[in-house]
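# An overview of the molecular structure
Here is how the chains run, residue by residue.
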Amino acid sequence: LELPLQFGANVFRLVPYGDDGVAGRPFELSYVRTQPALPAGCVLGDDVQLDAQGRPKLVLHERSGLVLVLVSGDVAQAPFYIAQHEFTIGAARRARPSFYESPERATEIWDRVPKSTADAHPAILVTFDEAKELCRDLGLRLCTTAEWESASGARDGRTYPWGKDWIAGACNADDPADSFRNT
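Before going into details, it helps to say that this report is about the structure given with it. Keep in mind that what you see is a predicted model, and the values were worked out from it rather than measured.

What counts and what doesn't
- Residues numbered from 1 in each chain as written.
- Predicted model: local features only at pLDDT ≥ 70, side-chain atom pairs only at ≥ 80, totals over all residues.
- Heavy atoms only, no water.
- Core = buried A, V, L, I, M, F, W, Y, C linked by side-chain atoms within 4.5 Å.
- Buried < 20%, exposed > 50% of the residue type's maximum accessible area, 1.4 Å probe, protein only.
- Helix = DSSP H or I, 4+ residues; strand = E, 2+ residues; numbered from the N terminus.
- Contact = heavy atoms within 4.5 Å.
- Phe/Tyr/Trp six-rings, centres within 6.5 Å; stacked < 30°, edge-to-face > 60°.
- Pairing = 2+ DSSP bridges.
- Axes fitted to C-alpha atoms, helices over the stretch in contact; angles between N-to-C directions.
- Arc of directions from axis to C-beta.

### Here we look at the nonpolar core
- Residues I89, Y100, I109, W110 and V113 are the most contacted members of the largest nonpolar core, which totals 13 residues.
- Looking at this core, the elements with two or more residues in it are helix 1 (89-95) and helix 2 (103-112).
- Setting aside chain neighbours within four positions, we find I109 in contact with I89, Y100, I124 and L125.

Have a look at this one:
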């Protein structure tokens, strides 16, 4: 039984069946949801904002430290949550503490990324299969092509994920001093 995401009273009509497969007398079950349903492993922040259906717009995935944002979806895509920012070296290390310490990775990464800011740096030198495994280790998954297109605006005509006009600073693309020179 999947419960709806919205707050408030909800009523279900249930029909019990006996061991012989014969339907019993139907009854109604009602409940009041006092908190929104959350994706697995997520918690609400202090300042909860809900969409029109009572779903939290932002949640925190505890194991990865990623903030997930609700994408309302469209006719072809159900609503879903996606990471608000890039998967970071810190998140990769939380999944696998030695991930960036392997000999083949350690030399290349530490030549590119200062160790003092590494945990906030977008993850680099990660293959597709490694990305799937890291997500799985954290209780997450990579988004589907349809989800990516829905989140990026490709399916509803937006030029950019946030709308039709460029907003300086809205992404890691227009400031050479952002310290993430290798992303």
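### Focus: the packing of aromatic side chains
- Applying the stated criterion to the full structure yields 1 aromatic pair.
- With 5.0 Å between their ring centres and 85 degrees between their planes, F99 and Y100 make a pair best called edge-to-face.
- By relative accessible area, which is 5% here, F99 ends up buried.

### Side note on unusual backbone geometry
- We note that L125 has phi near 60 degrees; this positive angle belongs to a residue other than glycine.
- Inspection of the secondary structure assignment puts L125 in the loop between helix 2 and helix 3 (128-137).
- Look at L125 and you get partly exposed, because its relative accessible area is 29%.

### A few points about the sheet that holds strand 6 (residues 80-83)
- Spatially, 4 strands are ordered 3-4-5-6 in an open sheet, and the strand pairing comes out antiparallel. In this open sheet, the two edge strands, each paired with only one partner strand, are strand 3 (42-43) and strand 6.
- Inspection of the sheet shows strand 5 (residues 67-71) paired to strand 6 by 4 bridges, in the antiparallel sense. Looking at the pairing, L68 lines up with A83 of strand 6.
- Strands strand 5 and strand 6 of the sheet are contacted by helix 4 (residues 145-152), whose axis makes an angle of about 75 degrees with strand 6.

### Points about the pairing of strand 4 (residues 58-61)
- Of the two faces of strand 4, the one holding V59 and H61 is buried and the one holding L58 and L60 is not buried anywhere.
- Sheet topology places strand 3 next to strand 4; 2 bridges connect them, and they run antiparallel. Opposite V43, over in strand 4, you have L60 as the bridge partner.
- When strand 4 meets strand 5, the two strands line up antiparallel, connected through 3 bridges. Bridged to L58 within strand 5 is V69.
- Following strand 4, the chain reverses through 5 residues before pairing antiparallel with strand 5; G65 in that reversal takes a positive phi of roughly 80 degrees.

### As for helix 4
- By the burial criterion, the buried members of helix 4 are E147, S150 and A151. Taken around the axis of helix 4, the buried residues stretch over an arc of 95 degrees, which confines them to a single face. Across helix 4 from its buried face, at more than 90 degrees, point the exposed residues T145 and W148.
- Packing partners of the buried residues in helix 4 comprise strand 5 and strand 6.
- Positive phi appears at G153, one or two residues downstream of helix 4, with a value of about 95 degrees.

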